[in-house]
Amino acid sequence: MRVLLIGSGGREHALALGLAADPSVEFLAAAPGNPGVAQVAELHEITATDPAAVAALAVELAADLVVVGPEAPLVAGVADAVRAKGIACFGPSAAAAQLEGSKAFAKDVMAAAGVPTARSYACTSPDEAGRALDELGAPYVVKNDGLAAGKGVVVTDDRAAAEQHAADCGTVVIEEYLSGPEVSLFVVTDGTAAVPLMPAQDFKRLADGDAGPNTGGMGAYAPLDWAPDDLVDRVLTETVEPTLAEMRRRGTPFSGLLYVGLALTPDGPKVIEFNARFGDPETQVVLALLESPLGSLLNAAATGTLAQLPPLRWREGAAITVVVASQNYPATPRTGDVIDGAEVPGVIHAGTARRADGALVSAGGRVLSVTATGSDLAAARAAAYALVDGVRLDGAQFRTDIALGAVEGRIKL
Ligand code: AMP
Ligand code: GLY
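What you see is a predicted model, and the numbers here were worked out from it, not measured in a lab.

Novice: So what about the overall build of the protein? Which residues, and what values?
Specialist: For the protein, the helix and strand inventory stands at 13 helices and 24 strands. Its C-alpha radius of gyration of 20 Å places the protein within 12% of the 22 Å reference for a compact globule of 413 residues. The principal-axis extents of the C-alpha atoms in the protein amount to approximately 55 × 45 × 40 Å. For the protein, the residues scored as buried account for 55% of the 413 residues in total. Considering only contacts within the protein whose residues lie at least 6 apart along the sequence, 67% involve residues at least 24 apart. Of the roughly 15800 Å² of accessible surface on the protein, a fraction of 51% belongs to carbon and sulfur atoms.

Novice: An account of the nonpolar core is needed here, citing residue identities and associated values.
Specialist: Among the nonpolar cores identified, the biggest contains 73 residues, and L4, V66, Y221, V260, I320 and L368 are the most heavily contacted of them. For this core, the leading source of residues is helix α9 (residues 231–249), giving 7 residues. Leaving out residues up to four positions away in the same chain, L4 has contacts with A29, A30, A31, V54, L57, A58, L61, A63, L65, V66 and V67. In terms of nonpolar packing, the next biggest core, distinct from the first, is built from 42 residues, V25, L287, A302 and I348 among them.

Novice: Explain the packing of helix α7 (residues 126–136) against helix α8 (residues 159–169) to me, using residue names and the numbers behind them.
Specialist: Contact geometry for α7 and α8: axes closest at 10 Å, N-to-C directions at 140°. Considering the relative orientation of α7 and α8, their crossing is right-handed. Judged by residue contacts, A129, G130, L133 and D134 of α7 engage R159, A162, E163 and A166 from α8.

Novice: Residues and numbers for the state of the cysteines, please.
Specialist: Overall, the coordinates contain 0 disulfides when judged by the stated rule. With no disulfide of its own, C123 lies 12 Å from the sulfur of C169, the closest cysteine sulfur.

Novice: Let's hear about the side chain of R277: which residues, and what values?
Specialist: Tracing the sequence through the fold places R277 in the loop between β17 (268–275) and α10 (282–289). According to the relative accessible area criterion, R277 is buried, its value standing at 12%. Only 3.1 Å separates the side chain of R277 from the side chain of E71, close enough to count as a polar contact. Ignoring sequence-local partners within four residues, the contact set of R277 consists of R11, G69, P70, E71, L74, E100, L257 and Y259.

Novice: Go over the pattern of salt bridges, please, and point to the residues and values.
Specialist: The full count for this structure, using the stated rule, is 24 salt bridges. With its nearest N and O atoms 4.0 Å apart, the salt bridge here joins K204 to D202. Here K270 makes a salt bridge to D267, at a shortest N to O gap of 3.9 Å. Among the residues examined, K270 registers a relative accessible area of 15% and is labelled buried. The exposure class of D267 is exposed, given its relative accessible area of 60%. It is possible to trace a salt-bridge network through shared partners that takes in K103, D202, K204 and E273.

Novice: Let's hear about the site of ligand 2: which residues, and what values?
Specialist: Neighbouring ligand 2 are D202, K204, G216, Y259, N275, R277, G279, D280, P281 and E282. In the model, a nitrogen atom of ligand 2 is placed 3.1 Å from a nitrogen or oxygen of the G216 main chain. Interatomic distance of 2.7 Å between a side-chain N/O atom of E282 and a nitrogen atom of ligand 2. Within the complex, the protein chains bury 92% of what would otherwise be the 200 Å² of accessible surface of ligand 2. Residue composition of the shell around ligand 2, by class: 2 nonpolar, 3 polar and 5 charged.

Novice: Could you give an account of the side chain of S362, naming the residues involved and the relevant values?
Specialist: Tracing the backbone shows S362 in strand β22 (residues 360–362). Residues within four places of S362 in sequence aside, it is in contact with R334, T335, G336, D337, I339, G351, V367 and L393.

Novice: Tell me about the sheet that holds strand β18 (residues 318–325), residues and numbers included.
Specialist: One open sheet accounts for 5 strands, arranged β12-β15-β18-β23-β20; its pairing is antiparallel. Where the open sheet ends on each side, the last strands, each with one partner, are β12 (201–202) and β20 (347–349). Both strand β15 (residues 219–222) and β18 contribute to a ladder of 4 bridges, which runs antiparallel. Counted as the bridge partner of Y221 is I320 from β18. Strands in contact with α10 are β12, β15, β18, β20 and β23 (366–374); relative to β18, the strand with the most contacts, it is inclined by about 150°. Running at roughly 30° to β18, helix α12 (residues 377–389) makes contact with β15, β18, β20 and β23 of the sheet.

Novice: Now, about the pairing of β23: what can you tell me, with residues and values included?
Specialist: The element β23 is extensively covered by neighbouring structure, given that 8 of its 9 residues are classed as buried. Strand direction decides the pairing type here: β18 and β23, joined by 8 bridges, are antiparallel. Bridge pairing in β23 links A319 to T373. Sheet analysis places β20 next to β23, joined by 3 bridges and oriented antiparallel. Along β23, the bridge assignment pairs I348 with S369.

Rules used in this analysis
- Residues numbered from 1 in each chain as written.
- Chains lettered and ligands numbered in written order.
- Predicted model: local features only at pLDDT ≥ 70, side-chain atom pairs only at ≥ 80, totals over all residues.
- Heavy atoms only, no water.
- Helix = DSSP H or I, 4+ residues; strand = E, 2+ residues; numbered from the N terminus.
- Rg over C-alpha atoms; globule rule 2.2 N^0.38 Å.
- Buried < 20%, exposed > 50% of the residue type's maximum accessible area, 1.4 Å probe, protein only.
- Contact = heavy atoms within 4.5 Å.
- Areas by Shrake-Rupley, 256 points an atom, 1.4 Å probe, with all protein chains shown as cover.
- Core = buried A, V, L, I, M, F, W, Y, C linked by side-chain atoms within 4.5 Å.
- Axes fitted to C-alpha atoms, helices over the stretch in contact; angles between N-to-C directions.
- Left-handed = near helix turned anticlockwise from the far one by under 90°.
- Disulfide = S-S within 2.5 Å.
- Polar contact = N/O pair within 3.5 Å; in protein donor to acceptor, adjacent residues only side chain to side chain.
- Salt bridge = Lys/Arg side-chain N within 4 Å of Asp/Glu carboxyl O.
- Near = heavy atom within 4 Å.
- Nonpolar A, V, L, I, M, F, W, Y, C, P; charged D, E, K, R; others polar.
- Pairing = 2+ DSSP bridges.

Fair warning: the whole summary comes from geometry, so function is off the table for now.
The following block contains the structure:
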């Protein structure tokens, strides 16, 4: 199978490693990729959000399968353009990607499908926003309606800050605050059949102890030993199956990766958000533990044959990833700093670039996802932080407490 992977972040490096390790993948290209991806794939310089350019490249490379990593190309219609050329694509259509592209759309689908989620109001004026904030009370949760790379959400007790975010965004969803530990559940689907991957936990805040601003994600680990045994089955029944059915009913079936972001509240798991693609950096840990061939799994979803796939196999033990971010991330990340010690196994490249003189330099906010496995979470944690110690990047920021609460048994349902 000839595969073209679209995207250039840590998630794509992890996907590229998984695809390259699958014996059924005989050729792997990526666009635009990054220096980590370049070690296992042939890179092509195109704009990932340009549907015609991606489709033309897929034809030129005689790809059998295109795997779209990030949300922006999906929302732009890249999967539609690829499928229009008769090439299988892992990733939803533009219409189905609205599950991530518009918070208001996602809430509408959830309401129609009876999915457990926070009560919410879509607001387009300061007056409407004010009434919703009054009604739902603090802590206030105000979400930009459109794509915001994980940074469009403000959760605050400060009424003025909540009103300001609503005013800055224009169209927002204001919702009830959900308490309880968060879980990311990835579900591979062909629109009808649904194959859950291993649940993982992400760390959204910049600093230790969940302090600081929201980010795209500063680290992750799996498995979640503290999660209820029936979690995955319950979310499949209460959330995933009704959502997939509602999307089929609307004539816009969702295929690809349905990312269910959950809060395990006292009333059970409730949806915080849907995404239309693999999460970053959770993918780095989930794929580190997946033993089944990745290319075959994604191809089955893309070709509507998921029901025939054998059950997934998982490795024993645990995995953790620690994100190394650049100075000033998430506000205005500094780029162009030289990175040393990053060209070793386990160091996944996210925002990196190759300078003309061959040096590896930072090229984005989240620069590396330093990933390790171990016989248990404590061992995986020690291994990942040992790898972090070997990385040199001026101004680097990383959390020192990824998976620490789980190792110490401090996560309470
Ligand atoms: P989102 O972009 O919707 O995933 O939101 C980013 C982060 O904001 C989530 O991972 C949560 O930590 C937090 N958040 C979003 N919605 C809620 C909510 N309704 N209640 C509590 N926290 C939330
Ligand atoms: N790690 C959160 C996300 O990918 O949206």
